[in-house]
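The primary structure of each chain is shown beneath.
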Amino acid sequence: MTVQVASGVVSLWHRFRRNRAAVLGLAIMALIVLAAAFGPLLYPVDPFDMLGRPSTVPSQRFPLGTDVSGRDILAGLLHGARVSLLIGIAASLAATLVGLVVGALAGYFGGWLDAVLMRTTDFFLTIPSFVLAVLIVAIFQPSVLIITASIAVVSWPSVARLARAEFVSHQGRDYVDACRAMGMSNAEIMLRQILPNALPPVIVIASLMVATAILTESGLSFLGLGDPNIISWGYMIGVGRTVLRTAWWMSAIPGVTILITVLAINLVGEGLNEALNPRMRQR
Amino acid sequence: MSALLRVSDLTVEYDTLGGALRAVDGVSFTIAPGETVAIVGESGSGKSSIAHALLRLIPRASGRIAGGRIEFAGEDLAALPEHAMRRVRGARIGMIFQDPMMALNPVYTIGRQIAEPLLLHGSVPVRRAMDRVVELLTLVGVPAPEERIRQYPHNLSGGMRQRVMIAMALASGPRLLIADEPTTALDVTVQAQVLALVDELKARLGMAVLLITHDLAVVSEVAARVVVMYAGRKVEEGPVNEVFADPAHPYTRGLLAASDWSGDPRERLREIPGTVPALAELPEGCSFWPRCPDAEPRCRAARPAELASGARRASCVHAERIWRPS
Amino acid sequence: MTSRLSYVALRALQVIPAVLAIAVLNFILLHMAPGDAADVIAGLSGHASAEMTAELRRSFGLDQPLIVQFFVYIGRLLTLDLGISLIQSRPVVELIAERMGATLILMLTAIGVAVGIGLLLGILAALRHRSWTDTALSVLALVVYATPQFWLGLMLIVFFSITLDIFPSGGMRTIGAEFGPIHSVLDVARHLVLPAGTLGLFYVALYTRLMRTSMLDIMTLDYITTARAKGMSELRIAFTHAARNALLPIVTLLGVQVGHLLGGSILVETVFGWPGLGRLVLDALLQRDLVLLLGILFISSVVVVLTNLLVDVIYGLLDPRLARK
Ligand SMILES: Nc1ncnc2c1ncn2[C@@H]1O[C@H](COP(=O)(O)OP(=O)(O)O)[C@@H](O)[C@H]1O
Ligand SMILES: [Mg+2]
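Quick caveat: nothing in here was measured; it's all calculated off a predicted structure. (Residues numbered from 1 in each chain as written. Chains lettered and ligands numbered in written order. Predicted model: local features only at pLDDT ≥ 70, side-chain atom pairs only at ≥ 80, totals over all residues. Heavy atoms only, no water.)

1. Digging into the overall build of chain C
The secondary structure content of chain C amounts to 13 helices and 0 strands. For chain C, the α and β elements follow one another from N to C terminus as α-α-α-α-α-α-α-α-α-α-α-α-α. Taken along the three principal axes of its C-alpha coordinates, chain C extends 80 × 55 × 40 Å. In chain C, which comprises 325 residues, the share counted as buried stands at 51%. When contacts within chain C are restricted to residue pairs at least 6 apart in sequence, long-range pairs at least 24 apart make up 73% of them. Accessible surface, chain C: about 14200 Å² in total, of which carbon and sulfur atoms supply 70%. Charge separation in chain C, taken as the distance between the mean sites of 22 positive and 20 negative side-chain charges, equals 14 Å. (Helix = DSSP H or I, 4+ residues; strand = E, 2+ residues; numbered from the N terminus. Buried < 20%, exposed > 50% of the residue type's maximum accessible area, 1.4 Å probe, protein only. Contact = heavy atoms within 4.5 Å. Areas by Shrake-Rupley, 256 points an atom, 1.4 Å probe, with all protein chains shown as cover. Lys, Arg positive; Asp, Glu negative; His and termini not counted. Charge placed at Lys NZ, Arg CZ, Asp CG, Glu CD.)

Written out as structure tokens, the structure is:
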């Protein structure tokens, strides 16, 4: 079993490696993760401390300059990376889990359960997701947990749709009927038989969702709906905005950071898509 | 004899992950004005590739005409610039396809689709176009043509759709009609009607027909000559009655036996043993030898030369005793 | 024709449960907040007194059983009574109606221009499949997907307003200027360029990609070969036979995009001080005006539902096969 998994990973990597852009994305991702994990340790500056004169240009002491309150921008970026990645990954995981459960139940059992679950899913797809996320955060007060939850709430429907399609397509196949004939329980069939087959496209959409979640989080904190105790990239852009005329780089720097992060995740997602779903590779 | 179409050494290749595949390998044949020639062969033998190559319709992204000449009324189509080729397509050579549902655009009316070639080639003034479309629909036996022109493909039955395709191909009065398995997707009862229509129109309009089919019964009814394809190569060619009465190539013999076109319907079809080899792994020598009941060691050694006897041609070493190299 | 009419009517009927569901969601959100709605609203509004909370409780009918509250609330929403904004002391519907126009101008301009450009670029990319142009467009699209819209807006302000000074950096009209009718339209248009560009760029990228993929799928189909066999040029095939069919799956997606467009518009309006719904959201957030926020969610969701209806009807017109189903 472990051997199988290991060889599966190896062949996955071989296919992934063929897409050079995806490998580049993975390398950038690795750098960002390292920066988030160890950056604050190697560069131990509190991003909220007002250490220097406000709005200074990059210097020896402040490699990326200071913001309007004299806070170190580099420290902000490093701490912000933690928030962005944490919220992005956690929200995507939560949404994927919910979406998988909803989609699997709907696709496997069909009938009225399917109808109810999919109506609900479609309904959530029509609600303007950013407006809903804003409202949820506004009702409950901003915190990392609430922000993550609000993004998950608006993200799960697309996973549910995809998972349902996968489960529907597998549910009528011979091997599933055979399992049933052997007396396997529904839960066993869903988890052990269908799920592994349905997972690849779900993994792809989940990885791409991390990128969307990071963008949503930055939008929320730009609107002032970030966790007030934690620095984040969107918040930094908002701070820099007030001095756009005199110090444009203050907003430019965190924005470019978001762009690169999201781009890298999307590249990895596309690479995963090609490696996991080879049928779709031609284009 | 001055041929209308003279195809010589036509070679078609497709690009695949494993390299270039020869779907058509040095095929030659001719069609005289007003003549019906049939191409037969199992699925995958390269029939459609020939048809598409004649009109240069092989998608550039997937393959190309890798060699040969396609002389049509004295011009080599294979060497024609694209804009000149467009004046041949749909004007001097018409084409109909296997599945009329797929070959008609679902979002345009029948009338518009038949009028298109007329307008493209300036065969009629714009305000006369719809009158001409109605005439064409009448010609191909579509009832109530004035109503049909406003309908969409999905409103029509399979047989009617194929009639529409024929009307479209005939719109500009072509001298050659290429029909690629025109009845395969149709109900059995409709197949005969459509074929009879093609045959009748051919006589009436004096055009030549290249009929691609795997139905040998049809060939014996409508075609004067037949070209037998196997794995991208022409294995036999000749007048239909002669070829069917006394096939020279074991593959033709197998096809005839399998189709059982004249025999007792209760007799079980005899299949040719084995399957068509993948183009990527064609055997050395004659590509048919692994399935051939008469295979000998020399069949594997070299590709058999084409032998001739009168109007007939065959590429099989067993024809050697009676036939001469062509 | 009659079957098409009944299709439209049937589709229109589906709006009713959708709007009901939105109303239910609003009710749930209102009650999900910690404490009861009156506490929350009074608390959020910042100046809560005991009388005020009690007054709120009565005005919301919060002294009634939940089920009664539910039906009262739903009934109100369905008659477009979205309550009174606590801070601005005006009916929420009125506040939204005031701002809706500006948002619609921004959204329609952005999506209209973006879809137009995107479809053209998509056809171009498909025609030049695997060429330098195709690759460049793909790379650009990837970068655009990764760009936070509000940040793009800021950077466009830096470049076009601050550095080049060719477009205004905010607002919808030049303040204090007296224009004739034509000039005032031009004035709005000038103010519209940057926000609409910011909002639209994402959709240019999106529709380029969607149209490219859809075109590539269509171009392999038999009826395209038929068109070629008629002697039609590639360009003409692309813009007639192929484009018309390639549009079908994309039109359906347009409906889904409206919600996304609204979200983007909130951020972009905030950046450019565009006096629409987005600014209203920001004001509501700053003033903790939950009633107003809920009203905005309700109305914008209804807008999405209605747009979806419109899109489906357009689809029915584009695809003759639909009448049969
Ligand atoms: N676009 C293509 N790309 C790659 N291979 C192709 C393509 N079209 C046809 N082929 C291959 O060429 C061979 C001949 O196909 P075709 O001409 O369609 O044969 P037939 O019409 O006799 O069935 C087949 O092996 C087929 O797989
Ligand atoms: Mg064929």
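Alright, that's what it looks like, and here's the rest.
2. Concerning the site of ligand 1
Residues and elements named next belong to chain B. Close to ligand 1 lie Y14, A23, E42, S43, G44, S45, G46, K47, S48, S49, S62 and L279. S45 places a polar main-chain atom, nitrogen or oxygen, 3.2 Å from an oxygen atom of ligand 1. Between ligand 1 and K47, the relevant distance is 2.9 Å, taken from an oxygen atom to a main-chain nitrogen or oxygen of the residue. When ligand 1 sits alone it has 570 Å² of accessible area, and the protein chains cover 67% of it. Looking at which element gives the most residues to the shell around ligand 1, the answer is helix α1 (residues 47-54), with 3 residues. Of the residues contributing to the shell around ligand 1, the split by class is 3 nonpolar, 7 polar and 2 charged. (Near = heavy atom within 4 Å. Polar contact = N/O pair within 3.5 Å; in protein donor to acceptor, adjacent residues only side chain to side chain. Nonpolar A, V, L, I, M, F, W, Y, C, P; charged D, E, K, R; others polar.)

3. Here we look at the nonpolar core
Counting 161 residues, the largest nonpolar core has L29, M215 and F298 of chain C as its most contacted members. Discounting chain neighbours no more than four positions away, the residues touching M215 of chain C are I123, A126, A238, A242, A243 and A246 of chain C. By size, the runner-up hydrophobic cluster in this structure holds 76 residues, among which are A53, V88, V140 and L210 of chain B. (Core = buried A, V, L, I, M, F, W, Y, C linked by side-chain atoms within 4.5 Å.)

4. A word on unusual backbone geometry
Its identity is not glycine, yet R56 of chain B carries a phi of approximately 55°, on the positive side. Relative to the helices and strands, R56 of chain B is located in the loop between α1 and β4 (63-72). Look at R130 of chain C: it is not a glycine, yet its phi comes out positive at around 70°. One can find R130 of chain C in the loop between α6 (92-127) and α7 (132-145).

5. Points about the sheet that holds strand β2 (residues 19-31) of chain B
Residue and element names in this part refer to chain B. The strand order β2-β1-β4-β5 describes an open sheet built from 4 strands, whose pairing is antiparallel. Both outer strands of the open sheet, β2 and β5 (75-76), are each paired with one neighbouring strand and no more. Bridge analysis of strand β1 (residues 5-16) against β4 gives 8 bridges, and the strand direction is antiparallel. Paired with E13 across the two strands is R64, which belongs to β4. On top of the sheet, α1 reaches β1, β2 and β4; it is set at about 110° to β1, its chief contact. (Pairing = 2+ DSSP bridges. Axes fitted to C-alpha atoms, helices over the stretch in contact; angles between N-to-C directions.)

6. Brief notes about the pattern of salt bridges
Applying the stated criterion across every chain yields a total of 38 salt bridges over all chains. Here R128 of chain B and E135 of chain B are joined by a salt bridge, their closest N and O atoms 3.7 Å apart. Note that D81 of chain C is salt-bridged to R76 of chain C, the shortest N-O span being 3.9 Å. Connected through salt bridges with shared partners, the residues E13, D15, R22, D25, R64, R233 and R303 of chain B form a single ionic network. (Salt bridge = Lys/Arg side-chain N within 4 Å of Asp/Glu carboxyl O.)

7. Overview of the interface of chain B and chain C
Where the parts come together, the accessible area they lose is often given as the size of the interface. Counting from both sides, the interface comprises 26 residues of chain B and, opposite them, 21 residues of chain C. Between chain B and chain C the total buried area reaches about 2200 Å² when both faces are included, carbon and sulfur atoms providing 63% of it. On the chain B side of the interface with chain C, the three residues burying the most area are V107, L120 and H154 of chain B, jointly 27% of the side's total. A salt bridge links E116 of chain B to K230 of chain C, with the nearest nitrogen and oxygen atoms 2.7 Å apart. Our enumeration of links across chain B and chain C arrives at 10 residue pairs in polar contact (both at pLDDT 80 or more). (Buried area = accessible area lost by both parts, 1.4 Å probe.)

8. Quick notes on the environment of L57 of chain B
Structurally, L57 of chain B is set in the loop between α1 and β4. Along the chain, L57 of chain B and R89 of chain B lie 32 residues apart, while their C-alpha atoms are 9.5 Å from each other. When sequence neighbours within four positions are dropped, the list of residues in contact with L57 of chain B reads H52, R89 and M95 of chain B together with T225, R228 and A229 of chain C.

9. Brief notes about the interface of chain C and chain A
With 47 residues of chain C at the contact, the number on the chain A side is 38 residues. Counting the surface lost from both chain C and chain A, the interface buries some 3900 Å², and carbon and sulfur atoms represent 78% of this. Counting across the chain C and chain A interface gives 0 salt bridges. Scanning the region where chain C abuts chain A turns up 3 residue pairs in polar contact (both at pLDDT 80 or more). The set of elements that each furnish at least two residues to the side of chain C that touches chain A consists of α2 (15-32), α7, α8 (149-163), α9 (181-218), α11 (234-272), α12 (277-286) and α13 (290-318) of chain C.

10. What to know about the side chain of D227 of chain A
Residues and elements named next belong to chain A. By secondary structure assignment, the location of D227 is in the loop between α8 (186-222) and α9 (233-241). We classify D227 as buried; its relative accessible area is 14%. A distance of 3.0 Å separates a polar atom in the side chain of D227 from the backbone nitrogen of N229. Filtering out sequence-adjacent residues up to four positions away, D227 remains in contact with P142, S143, V144 and I147.

11. Some remarks on the pairing of β2 of chain B
Residues and elements named next belong to chain B. Sheet analysis places β1 next to β2, joined by 9 bridges and oriented antiparallel. Note on β2: the bridge partner recorded for E13 is R22. Where β1 hands over to β2, the hairpin turn is made up of 2 residues, counted between the paired strands.

12. Considerations on the sheet that holds strand β6 (residues 93-96) of chain B
Residue and element names in this part refer to chain B. Read across the open sheet, the 9 strands follow the order β6-β7-β8-β3-β9-β10-β12-β11-β13; overall the sheet is mixed. Two strands in the sheet have a free side with no partner beyond their single neighbour: β6 and β13 (324-325). By the bridge criterion, 5 bridges tie strand β7 (residues 176-180) to strand β8 (residues 208-212) in an arrangement that is parallel. Paired with L177 across the two strands is V209, which belongs to β8.

13. Examining the confidence of the model for chain C
On average, residues of chain C score 87 in pLDDT, and 92% of them reach the 70 mark or higher. Scoring of the predicted complex yields 0.89 for pTM and 0.92 for ipTM. (pLDDT = per-residue confidence, 0-100.)

14. Digging into a nonpolar patch on the surface
Taken together, the side chains of L31, L34, F38, L41 and L42 of chain A make up a nonpolar region of the molecular surface, amounting to roughly 580 Å² of accessible area. Tracing the backbone through its elements, the reader meets F38 of chain A in helix α2 (residues 20-42). (Patch = residues over 30% accessible without salt bridge, like charges linked within 9 Å, V, L, I, M, F, W, Y side chains within 5 Å.)

15. Some words on the packing of aromatic side chains
Following the criterion strictly, the structure yields 16 aromatic pairs over all chains and no others. A ring pair is formed by F124 of chain A and W156 of chain A, whose centres lie 5.4 Å apart and whose planes are at 55°; its orientation type is tilted. Of this pair, F124 of chain A sits in helix α4 (residues 111-126) while W156 of chain A sits in helix α6 (residues 144-171), and the two are 32 residues apart along the sequence. Ring centres 5.2 Å apart and planes at 75° place the aromatic pair F70 of chain C and F71 of chain C in the edge-to-face group. Taking the relative accessible area as the measure of exposure, F71 of chain C reaches 55% and is therefore exposed. Through successive ring pairs, a cluster of aromatic residues spans F27, F70, F71 and Y73 of chain C. Taking NZ or CZ as reference, R112 of chain B lies 3.9 Å from the ring centre of Y108 of chain B, over its face. Over the face of the ring belonging to W289 of chain B we find R300 of chain B, whose NZ or CZ atom lies 4.1 Å from the ring centre. (Phe/Tyr/Trp six-rings, centres within 6.5 Å; stacked < 30°, edge-to-face > 60°. Lys NZ or Arg CZ within 6 Å of the ring centre and 35° of its normal.)

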